[in-house]
Amino acid sequence: MKLNAITLSVLSMTACAASAQQAAETTQQPVDETIVIRANPLNKTALESTQPVNIISGDELKQKHSQTLGETLALEPGINNTHYTAGAGSPIIRGLDGPRVKVTQNGLDSGDVSRGSPDHAVTTETSSAEQIEVLRGPATLLYGSGAIGGVINVVDGRIPAEPVYGLSGNANLRGATVNDQKEASYNITAGNGSWAFYADAHYRRADDFETPTFLNDEGEVVDVVENSFADSDGASLGTSYHGDWGYFGVSYEALNMQYGIPGHAHEDHGHEEEEEHEDEHGALEEHDEHDEHEGEALPFADLEQQRWQFAGQFNAPLQGFEALEFRAGLTDYQHSEVEGDILGTQFKNQQKELRVIAKHEPLGGWSGALGYQWDISDKQAFGAEAFTPDTSRRSQGVFWLVEQEFGDHHVDLGARYERTTLASDDVRLDTFNSVSASAGYLYHFDKFSSVSVNLSHAERAPSATEVFANGEHFATRTYELGTFYELHAEDNGEYHIEEAGHALNTETSNNIDVGFHYENEQLHAELNVFYNRVDDFIYERFTGISSNLLHTDEGHEEAHEEGHEEGHEEPHDEHDHGAEEGLQVVQFAQTDAELYGYELDLSYRIDDQWSLHGFSDYTRAKQRGGDDLPRIPAQRIGIEARYQAQQWDAALGYTRYLEQDRIATNETVTPAFGLLDARLNYYPQWLAQYGATVYLKGENLTNQLGLVHSSFLKDDVPMAGRNLQLGVSINF
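Because the structure is predicted, anything quoted here is derived from the model rather than measured.

### Some points on the overall build of the chain
Then, number 1: Helices and strands together make up the secondary structure of the chain, namely eight helices and 36 strands.
Then, number 2: The buried share of the chain, reckoned over its 732 residues, is 57%.
Then, number 3: Partitioning the intrachain contacts of the chain with sequence separation of at least 6 by distance along the chain shows that 68% fall at a separation of at least 24.
Then, number 4: About 29,800 Å² of surface is accessible on the chain, with carbon and sulfur atoms providing 51% of the total.

### Topic: the sheet that holds strand 25 (residues 485–489)
Then, number 1: The mixed open sheet is built from three strands, whose spatial order is 25-26-29. Pairing within the sheet leaves two strands with one partner each, and these edge strands are strand 25 and strand 29 (550–551).
Then, number 2: Pairing of strand 26 (residues 495–499) with strand 29, which is carried by two bridges, proceeds in the parallel orientation. Note that in strand 29 the partner of histidine 496 across the bridge is histidine 551.

### Looking at a nonpolar patch on the surface
Then, number 1: Together, Phe445, Leu455, Ile512, Val514, Phe516, Leu527 and Val529 make up a nonpolar patch on the protein surface, roughly 540 Å² of accessible area in all.
Then, number 2: Only strand 27 (507–519) and strand 28 (523–546) provide two or more residues apiece to the nonpolar patch.
Then, number 3: Among the elements that take part in the nonpolar patch, strand 27 stands out by supplying three residues, more than any other.
Then, number 4: Inspection of the secondary structure assignment puts valine 514 in strand 27.

### Examining the sheet that holds strand 6 (residues 131–136)
Then, number 1: Taken together, the five strands give an open sheet; going across it, the order is 1-6-7-4-5, and neighbouring strands pair in mixed fashion. Strands at the two margins of the open sheet, each flanked by one partner only, are strand 1 (53–57) and strand 5 (108–109).
Then, number 2: In the sheet, strand 1 pairs with strand 6 via five bridges, with the strands oriented antiparallel. Within strand 6, the residue paired with asparagine 54 across the bridge is valine 134.

### Description of the pattern of salt bridges
Side-chain pairs of opposite charge can arise where the charged atoms are in close proximity.
Then, number 1: In total, this model carries 33 salt bridges according to the counting rule given.
Then, number 2: Among the ionic pairs, lysine 102 bridges to aspartate 109, the shortest N-O distance being 3.0 Å. Taken as a pair, lysine 102 and aspartate 109 share a single burial class, namely buried.
Then, number 3: Among the salt bridges present, the one from glutamate 640 reaches arginine 642, with a minimum N-O distance of 2.6 Å. Each of the two residues, glutamate 640 as well as arginine 642, counts as buried.
Then, number 4: Because the salt bridges share partners, they merge into one network encompassing Arg94, Arg136, Asp513 and Glu599.

### Comments concerning the packing of aromatic side chains
Then, number 1: Going through the model one piece at a time under the given rule, you end up with 18 aromatic pairs.
Then, number 2: Arranged with centres 6.0 Å apart and planes meeting at 25°, the rings of phenylalanine 248 and phenylalanine 326 form a pair that is stacked. In this pair, phenylalanine 248 is assigned in strand 14 (residues 246–260) and phenylalanine 326 in strand 16 (residues 321–339), connecting sequence segments 78 residues apart.
Then, number 3: Phenylalanine 248 gets classed as partly exposed once you look at its relative accessible area, which sits at 38%.
Then, number 4: In this structure phenylalanine 326 comes out as buried when scored by relative accessible area, which is 18%.
Then, number 5: When the ring of phenylalanine 448 is compared with that of tyrosine 518, the centres are 6.2 Å apart and the planes differ by 35°; the resulting orientation is tilted. Taken as a pair, phenylalanine 448 in the loop between strand 21 (432–444) and strand 22 (449–460) and tyrosine 518 in strand 27 lie far apart in primary sequence, 70 residues in all.
Then, number 6: A residue is classified by how much of its surface remains accessible, and phenylalanine 448, at 32% relative accessible area, is partly exposed.
Then, number 7: Members of the aromatic cluster, connected to one another through ring pairs, are Trp195, Phe197, Tyr241, Trp245, Phe248, Phe314 and Phe326.

### Here we look at unusual backbone geometry
Working note: non-glycine residues mostly have negative phi, and peptide bonds are mostly trans.
Then, number 1: One non-glycine residue, arginine 94, adopts positive backbone phi at about 50°.
Then, number 2: Mapping arginine 94 onto the fold places it in the loop between strand 3 (91–93) and strand 4 (101–105).
Then, number 3: Its identity as a non-glycine residue notwithstanding, arginine 631 has a phi of 55°, on the positive side.
Then, number 4: Residue placement: arginine 631 occurs in the loop between strand 31 (610–623) and strand 32 (636–644).

### Topic: the confidence of the model for the chain
Then, number 1: On average, residues of the chain score 85 in pLDDT, and 86% of them reach the 70 mark or higher.
Then, number 2: Here residues 291–295 is a poorly scored stretch, pLDDT under 50, and it has nine contacts once near neighbours within four places are set aside; other chains count.

### Let's talk about the nonpolar core
Side chains of a nonpolar character, in soluble globular proteins, are inclined to be buried together.
Then, number 1: Counting 21 residues, the largest nonpolar core has Leu422, Leu429, Val467, Phe468 and Phe484 as the members making the most contacts within it.
Then, number 2: Elements supplying a minimum of two residues to this core: helix 7 (464–468), strand 24 (478–481), strand 28 and strand 30 (584–605).
Then, number 3: It is helix 7 that provides the largest number of residues to this core, a total of three residues.
Then, number 4: Discounting chain neighbours no more than four positions away, the residues touching phenylalanine 468 are Phe387, Thr388, Pro389, Thr391, Leu422, Ala423, Ser424, Val427, Leu429, Gly482, Phe484 and Tyr485.

### Details of the environment of threonine 85
Then, number 1: Secondary-structure assignment places threonine 85 in the loop between strand 2 (79–81) and strand 3.
Then, number 2: Sequence separation of threonine 85 and aspartate 208 is 123 residues, and the distance between their C-alpha atoms is 9.9 Å.
Then, number 3: If near-sequence neighbours (up to four positions away) are discounted, threonine 85 is found in contact with Ser228, Tyr259, Gly260 and Pro262.

### Remarks on the side chain of glutamine 587
Then, number 1: In this fold, glutamine 587 is placed in strand 30.
Then, number 2: Polar contacts involving the side chain of glutamine 587 include one to the main-chain carbonyl oxygen of tyrosine 485, which spans 2.6 Å.
Then, number 3: Contact partners of glutamine 587, with chain neighbours within four places excluded, come to Leu481, Gly482, Tyr485, Glu486, Tyr539, Glu540, Arg541 and Thr543.

### Looking at the pairing of strand 7 (residues 150–155)
Then, number 1: Burial analysis of strand 7 places six of its six residues in the buried class, which makes it a mostly covered element.
Then, number 2: Residue alternation in strand 7 divides its side chains into two sets, Gly150, Ile152 and Val154 and Val151, Asn153 and Val155, and both sets are buried.
Then, number 3: Pairing geometry for strand 4 and strand 7, over five bridges, is parallel. Each residue of the ladder has a partner; that of valine 103, found in strand 7, is isoleucine 152.
Then, number 4: Two strands pair when backbone bridges link them, and strand 6 and strand 7 are joined in this way by six bridges, in the antiparallel orientation. Across the sheet, the residue bridging to isoleucine 132 is valine 154, located in strand 7.

### As for the pairing of strand 31
Then, number 1: Burial runs high along strand 31: 10 of the 14 residues are buried.
Then, number 2: Pairing geometry for strand 30 and strand 31, over 13 bridges, is antiparallel. Along strand 31, the bridge assignment pairs leucine 595 with alanine 621.
Then, number 3: Examined bridge by bridge, strand 31 and strand 32 share eight bridges and lie antiparallel to one another. Bridge pairing in strand 32 places phenylalanine 615 opposite glycine 638.

### Considering the environment of valine 398
Then, number 1: Among the secondary structure elements, valine 398 is positioned in strand 19 (residues 391–406).
Then, number 2: Accessibility expressed as a relative area gives 43% for valine 398, which makes it partly exposed.
Then, number 3: Sequence-distant contacts of valine 398, that is, excluding residues within four places in its chain, are made with Gly371, Tyr372, Ala415, Arg416 and Tyr417.

Reading guide: rules and limits
- Residues numbered from 1 in each chain as written.
- Predicted model: local features only at pLDDT ≥ 70, side-chain atom pairs only at ≥ 80, totals over all residues.
- Heavy atoms only, no water.
- Helix = DSSP H or I, 4+ residues; strand = E, 2+ residues; numbered from the N terminus.
- Buried < 20%, exposed > 50% of the residue type's maximum accessible area, 1.4 Å probe, protein only.
- Contact = heavy atoms within 4.5 Å.
- Areas by Shrake-Rupley, 256 points an atom, 1.4 Å probe, with all protein chains shown as cover.
- Pairing = 2+ DSSP bridges.
- Patch = residues over 30% accessible without salt bridge, like charges linked within 9 Å, V, L, I, M, F, W, Y side chains within 5 Å.
- Salt bridge = Lys/Arg side-chain N within 4 Å of Asp/Glu carboxyl O.
- Phe/Tyr/Trp six-rings, centres within 6.5 Å; stacked < 30°, edge-to-face > 60°.
- pLDDT = per-residue confidence, 0-100.
- Core = buried A, V, L, I, M, F, W, Y, C linked by side-chain atoms within 4.5 Å.
- Polar contact = N/O pair within 3.5 Å; in protein donor to acceptor, adjacent residues only side chain to side chain.

Now the structure itself:
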């Protein structure tokens, strides 16, 4: 059964309409500073954490909710969006993304392939989220080497962890003008104290989005990003059973997404296997709403994911332990990149993960938790753009966190050991051993102010792409070579690719964070500065060679073909994308690097109605030899004025993106620009019992052209133009 049919049937059962925008601004202590961080097993709040943390929840999350996780978090201090397209936007933390930023759902890996390429979507859905937690800086201690840049943890209630009494829920409905977006979502929780049940669903359709008039890299004057549509629908069900002993629960989620891949057009070469592929891939029939893309043979991604999660807690399981928590996930993911009616490339991921955490009683005054993580991922890629072979990753890690209060002084310590093995179809690399450690200190000067210092040592095992890549990667418009291969120049001016077997060293980060926090009835101020010194930083080095000068190792090609003959029905791959001009060849290499910068968050309450809010962030990233690292977001400064009345509130804000002229090889300077946004929330008195909100939101009201320096498609996919959103949200 197709997922959108499931979603539509579930949505039709609810009579409540509503949307992701509900906010009565508070003049009290910011809510995110009193909410427990679910990503931390020691039940800390943001005020108690020595590591910088953003928590977005409640009304604030509904205001910021967008199509992708990256866009939802894009205006958080220290966070940017990769902005590849409307359907694929991933968070960037302090200039780092991809395999350095871990995206989790309820503490478990999202199970998609978004860490490997910017055109692959993150599958965590924010419309049903209770809160989103951003751990800025290395978080390998808790989540392994893939979190050396930070963690994004999306928390929802699909497995109720607390007893539920009665029925509650939320329903949303909204629309937008810039892309004719239509969205509906709901979630509902019911229980009798022992049993708890949960369900949610969402439905979203959006066409190509409009922009200010600009000149794309093809020399065309346009005011819309062609092939930027984004459709999504999904549903999840969960249940849990509670008793004095603890709880146990299980959930199931099904997700379907289709989104265009702009700046990525391919030629139609008259395929002979169209009918066969149409029969084998019924998903293509679901693309009727975007027939114009089929006619032009523009590529789009067709994504499906099914996910089981298990969670539980056992209270006082053994003497000396307060609780034993576990989470496990089974994920079946696949997405196909389709051109017209032709299946071009297919990606699959089968992932299994287990996390067990035992909270122990104080030992010598130190409270803490012991943890174990087991993670298996088997990824397959086959077709015209399969630039990596089938790979498997096996990882196990153990960690220990402790903390203690010494009067006004708080200290926490932690350590982790992890073993990771990477293998392709016929190659198994040596095991990578990674060690991480951290030490944090927090001191409260008084009830208003505090200072924190966090030192961390983190190590990252390389990703499969960084080792085994060998092929054209059209999302980044490069030909990628992993360290397992090397180039040999020949007398005729061409280059031969051979297996070299060179493995990467673990990437090692030594990071210091210093934070200052001040809070009274009128002023909230938070400043974080950081310095991150990275040894053996893995990056893509431009070789200066065009891909039309390459020919590959024949043995590698034969092995690759045999693997697909045995395990796959090979999709059609006779595309000749850009063969005349060729792609730039990049090879993964290692260098020493440093990243440093700051994040600033300010709020000032003028009176009971008016308040001012501001933020700024900056990241400087370069090789220690002097060259800049690529696609580092520009410095930003934002300010917002807010007004709060009894039945309505409003805000007007402006964010300035400064010029980015710290550029790497083959990059161009990105000019400065500014975006003016506004919102108006109305709370109908006659629907007060349902916590109803009707809202109007305006984005980029002056219709300014904004190019995103961190995007691989900077010159083809600018920020959206003037946009109005209208929505309604109801709680019950």
